[in-house]
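What follows is each chain in one-letter form.
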Amino acid sequence: MPIYEFRCDDCRRITNHFSRKPDPKATAACEHCGSESTQRLVSSFARTYSREDILERYGDPGVDGDKADLKDPRQIGSWVEKKFDDYGVDMPESAREMIDAAREGDLPDPVKNL
């Protein structure tokens, strides 16, 4: 069941239009100002991930995220990202590169020696 989005040419706001079946010719009046002059937008979409997909990418956070197995580089990266976010600090690009490399299997030397 698709939801189509339309931008109003008059007020520039977005209107959602729910359809019971795909309808490439769907049109909708603006729900904000009532104008019939709307343009259909290309809507964003979401992909669902299975638990297996998430565990493969980020590792298993365990029952308590603070007690995760930090020897898993995916866990270390997730923990570091969370801490930067918690403190409202931008992560340095070098840290981002190390985390991404670890997720791809290229472990930094200190982690390899654990």
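Residues numbered from 1 in each chain as written. Predicted model: local features only at pLDDT ≥ 70, side-chain atom pairs only at ≥ 80, totals over all residues. Heavy atoms only, no water.

**Q** Is there a simple way to explain the overall build of the protein in this structure?
**A** When you go through the protein residue by residue, the secondary structure sums to four helices and three strands. Relative to its 114 residues, the protein shows a buried fraction of 19%. Considering only intrachain contacts with a sequence separation of at least 6, the fraction spanning at least 24 residues in the protein is 28%. A total of about 9000 Å² of accessible surface is found on the protein, and carbon and sulfur atoms cover 51% of it. (Helix = DSSP H or I, 4+ residues; strand = E, 2+ residues; numbered from the N terminus. Buried < 20%, exposed > 50% of the residue type's maximum accessible area, 1.4 Å probe, protein only. Contact = heavy atoms within 4.5 Å. Areas by Shrake-Rupley, 256 points an atom, 1.4 Å probe, with all protein chains shown as cover.)

**Q** It is not clear to me how the side chain of Ser 35 should be interpreted in this structure. Could you clarify?
**A** Secondary-structure assignment places Ser 35 in the loop between β2 (14-18) and β3 (38-40). Note on Ser 35: relative accessible area 10%, which makes it buried. The residues touching Ser 35, leaving out its near neighbours within four places in the chain, are Cys 8, Asp 10, Ala 29 and Cys 30.

**Q** Please explain the sheet that holds strand β1 (residues 3-8) as it appears in this structure.
**A** Across a sheet, strands are paired by hydrogen bonds formed along the backbone, either parallel or antiparallel in direction. What the three strands build is an open sheet, ordered β2-β1-β3; its pairing is antiparallel. Here the strands that pair on one side only, and so sit at the sheet edges, are β2 and β3. Along the sheet, successive strands turn relative to each other by an average axial angle of 35 degrees, direction set aside. Note that β1 and β3 share three bridges and pair antiparallel. (Pairing = 2+ DSSP bridges. Axes fitted to C-alpha atoms, helices over the stretch in contact; angles between N-to-C directions.)

**Q** What is the right way to read the pairing of β2 from this model?
**A** In the case of a regular strand, side chains alternate between the two sheet surfaces. The pairing of β1 with β2 spans five bridges and is antiparallel. Each bridged residue has a counterpart across the sheet, and for Tyr 4 the counterpart in β2 is His 17.

**Q** Could you clarify how one ought to interpret the side chain of Thr 15 in this entry?
**A** For Thr 15, the location among the structural elements is in strand β2. Judged by its relative accessible area of 2%, Thr 15 is buried. Within the local environment of Thr 15, its side chain forms a polar contact with the backbone nitrogen of Glu 31, the two atoms lying 3.1 Å apart. Not counting chain neighbours up to four residues away, the residues in contact with Thr 15 comprise Tyr 4, Glu 5, Phe 6, Ala 29, Cys 30, Glu 31 and His 32. (Polar contact = N/O pair within 3.5 Å; in protein donor to acceptor, adjacent residues only side chain to side chain.)

**Q** Would you take a moment to explain the pairing of β1 for this structure?
**A** Along β1, the buried face is formed by Tyr 4, Phe 6 and Cys 8; none of Ile 3, Glu 5 and Arg 7, which line the opposite face, is buried. Here β1 hands over to β2 after five residues, with Arg 12 in that stretch at a positive phi of 70 degrees.

**Q** It is not clear to me how the confidence of the model for the protein should be interpreted in this structure. Could you clarify?
**A** Detailed reading of the predicted coordinates is not advisable wherever pLDDT is low. Per-residue confidence for the protein averages 79 on the pLDDT scale, and 78% of its residues sit at or above 70. Looking at the elements of the protein, mean pLDDT is at its lowest for helix α4 (residues 109-112), recorded as 58, and at its highest for β3, recorded as 93. (pLDDT = per-residue confidence, 0-100.)

**Q** Help me understand a nonpolar patch on the surface, please; the structure alone is not making it clear to me.
**A** A cluster of nonpolar side chains, contributed by Tyr 49, Ile 54 and Tyr 58, occupies part of the molecular surface with about 290 Å² of accessible area. Its place among the elements puts Tyr 49 in the loop between β3 and α1 (51-58). (Patch = residues over 30% accessible without salt bridge, like charges linked within 9 Å, V, L, I, M, F, W, Y side chains within 5 Å. Salt bridge = Lys/Arg side-chain N within 4 Å of Asp/Glu carboxyl O.)

**Q** Quick question: what am I supposed to make of the pattern of salt bridges here?
**A** Side chains that differ in sign of charge can pair as their charged atoms come close. One pass over the structure, following the stated rule, counts three salt bridges. Arg 96 is the partner of Glu 81 in a salt bridge, and the nearest nitrogen-oxygen pair spans 2.9 Å. Remark: Arg 96 occurs in helix α3 (residues 93-103) and Glu 81 occurs in helix α2 (residues 73-87); sequence separation between them is 15 residues. The exposure class of Arg 96 is partly exposed, given its relative accessible area of 24%.

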